[in-house]
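Summary of structural features
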Amino acid sequence: MRTYNLTADDVLNMTPKFWSLHLDPNIALDYGLFTILAAQINLTVGTLSRYLPKRPDLVPLVNALLKGDIIGLYLLSERGHGLDAINIETTAHQQEDGSYVLHTPHEEATKFMPASNPTFGVNKIALVMARLIIKGQDKGMRPFIVPIANTREPFPGIISIRLPLRSGASPLDFSMTRFNKVKLPASALLSDTFEAPRDARAAWWDTLWRIPIGSFVVAGPCVTGLKHVAYIGGKYSLRRTVAPHGEKVPIFSFPTQQWSVFHAVASGRVMEAWYKEVAPIFTDPKATHPIKHGLAVLVKATVIREAMECSHEMAERCGAQGTFDTNFIARHKADLNSVIIAEGDVLALCIRLWGELVLGRYTLPIPDAKDSLLAKHAHGLLEEGRQTLRRIPGGHRSEAAEYELLPESERAILALGHASAYAAARRAGVPQVLLDIYECAAIRDDPAWFSENAGLSREAQRAKEGAALREASPDIEKHLEDLNVGYAVRASIVSDEAWLAQVQRMPKYTGNAQSGIPGVTPGTDGARL
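Predicted model only: the values in this text are computed from it and were never measured.

Let us look at the overall build of the protein chain. Of regular secondary structure, the protein chain possesses 19 helices and 11 strands. Overall, the protein chain is about 85 × 75 × 45 Å in size when its C-alpha atoms are taken along their principal axes. Counting all 529 residues of the protein chain, 52% fall into the buried class. In the protein chain, once contacts between residues fewer than 6 apart in sequence are set aside, the share between residues at least 24 apart is 73%. Roughly 24600 Å² of accessible area belongs to the protein chain as shown, and the carbon and sulfur atoms make up 55% of that amount.

This is the structure we're talking about:
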């Protein structure tokens, strides 16, 4: 945070410096740290900053959050509600003197899962989403500023329950948080009105306006992490040799290895170009909320699915060494399993977006069908969805729609994402050979459609891949360096020097054991059976 020295204006208006932080190559090294930063900067500071003109008393708090002197949490989701956050049950009852009492009515209303415990000795506050109750009447959801813990312990009425570790992912002290009649001053409420909103859903989205931005923000480190995977896998593939016919050759010489490396390289470059092109839309006053939310879903779904697929491929191609935490890829895979549900589960987001696009409630700025083969595919699936909706009885909420329309939602959204990403990367000047490889990878996601509708037989699809790999392979070193992440990579398998340096740091065990194993006779020159 001190490296980028963000201001409240940077966060509120999402300046280039704000976006640069989320694409910093170092940010992908620790998704636990990024989880803290995402909630701290985008959600907590982003929400608070909008109130600063009318609430100058919040300036010291925001400044402390921007310096990292205080950790800011964003407590929205509840254990029993998950994505159904509009129905949260935590309450804040207004008292006669204007103060509030924050309370968790039962276990299912427990906030889940920001790190609220005091384990690491850091001051913590939270923006807690709760139902504002005035004289027994529910006025809708509002955010409240709540002190959570000082450097030693929680404040009175705060109950923090530490959750188990996530398997293989970057560690963080995730928690469940309950409130037992916590007293809050009148200034804790962040709202311009006490009245119940006329349109509860619109008011809900207005309060949570940073959440769609968060869906987009979490894709940033996934883009950078994907480039790390490409660089690590590429360097390892050039360094690791085999001798199938007596003469040593790098495993990169095999097309199967080339595919995994270049799939990751191409995806990393394409996703980065697309991310940078979409980011300014979130500050465009002409862009409507549905458009911003739709683009956030499109980018998040496409980036994370690409990163997961490439990471899985590359981990296998790096053999046993690819499974170790110190070589990044295995942990990156585990972290992606968590990111894919952060700021909204990808499948649920795709189902909602797909339904809205098929129903024609709004359109996203995707390339024309004539723009590319991938754009033709995207428009083809969109039209198929509309035809399905017209054909099935009962409309989009029918049982038939659940079985025929919804299962295609993620595949269709990813097709829209591939087409948009390809077009953005082409505009950004990504080398055509990498665009060709990216196109081939997208074709692999739905080969039957391209065979049926684009005249690309299975043989033709393989031929396209082979031609692209042959053209790209001689320049592999340049393509890896163009990822611009080498200086941040910490994996030991990228060079002999890094590997030997890690071996020196590994625990070593030697000894002079003489007995203790039944059936083994100690000898002066070693144990014998």
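Now that the structure has been shown, the text picks up again.
Tracing the chain through its elements places Gln95 in the loop between strand S2 (91–94) and strand S3 (100–103). Along the chain, Gln95 and Ile133 lie 38 residues apart, while their C-alpha atoms are 9.5 Å from each other. Every residue in contact with Gln95, bar those within four places of it in the chain, is listed here: Tyr100 and Val101.

Let us look at the nonpolar core. In globular proteins that are soluble, nonpolar side chains generally tend to be buried together. The biggest cluster of nonpolar side chains holds 144 residues, and the ones touching the most others in it are Trp19, Leu48, Phe216, Phe262, Met271 and Ile413. Of all the elements, helix H9 (residues 289–317) adds the most residues to this core, at 14 residues. Ignoring anything within four residues of it in the chain, the contact list for Ile413 reads Leu298, Ala301, Thr302, Cys350, Leu353, Trp354 and Leu357.

Right, let's talk about the packing of H9 against helix H14 (residues 409–428) for a bit. Pairs of packed helices are described in terms of their axes, by the angle between the two and the distance that separates them. Contact pair H9 / H14: the axes reach a minimum separation of 9 Å and the direction vectors enclose 90°. Our classification of the angle between H9 and H14 gives roughly perpendicular. Contact residues: H9 offers Leu298, Ala301, Thr302, Arg305 and Glu306, while H14 offers Glu410, Ile413, Leu414, Leu416, Gly417, His418 and Ser420. Among the residues forming the contact of H9 with H14, the class breakdown is five nonpolar, four polar and three charged.

Bringing the environment of Asp445 into the picture now. Mapped onto the elements, Asp445 comes out in helix H15 (residues 432–445). Taking the C-alpha atoms as reference, Asp445 lies 9.2 Å from Leu414; in sequence the two are 31 residues apart. At 3.1 Å, the side chain of Asp445 and the side chain of His418 are in polar contact.

This paragraph deals with the packing of helix H8 (residues 255–278) against helix H17 (residues 458–472). For the pair H8 and H17, the least separation of the axes is 10 Å and the interaxial angle reads 80°. Between H8 and H17, the crossing angle belongs to the class labelled roughly perpendicular. Along the contact surface, H8 presents Pro255, Gln258, Trp259 and Phe262, while H17 presents Glu465, Leu469 and Ala472.

About the criteria used
- Residues numbered from 1 in each chain as written.
- Predicted model: local features only at pLDDT ≥ 70, side-chain atom pairs only at ≥ 80, totals over all residues.
- Heavy atoms only, no water.
- Helix = DSSP H or I, 4+ residues; strand = E, 2+ residues; numbered from the N terminus.
- Buried < 20%, exposed > 50% of the residue type's maximum accessible area, 1.4 Å probe, protein only.
- Contact = heavy atoms within 4.5 Å.
- Areas by Shrake-Rupley, 256 points an atom, 1.4 Å probe, with all protein chains shown as cover.
- Core = buried A, V, L, I, M, F, W, Y, C linked by side-chain atoms within 4.5 Å.
- Axes fitted to C-alpha atoms, helices over the stretch in contact; angles between N-to-C directions.
- Parallel < 35°, antiparallel > 145°, perpendicular 65-115°, else oblique.
- Nonpolar A, V, L, I, M, F, W, Y, C, P; charged D, E, K, R; others polar.
- Polar contact = N/O pair within 3.5 Å; in protein donor to acceptor, adjacent residues only side chain to side chain.

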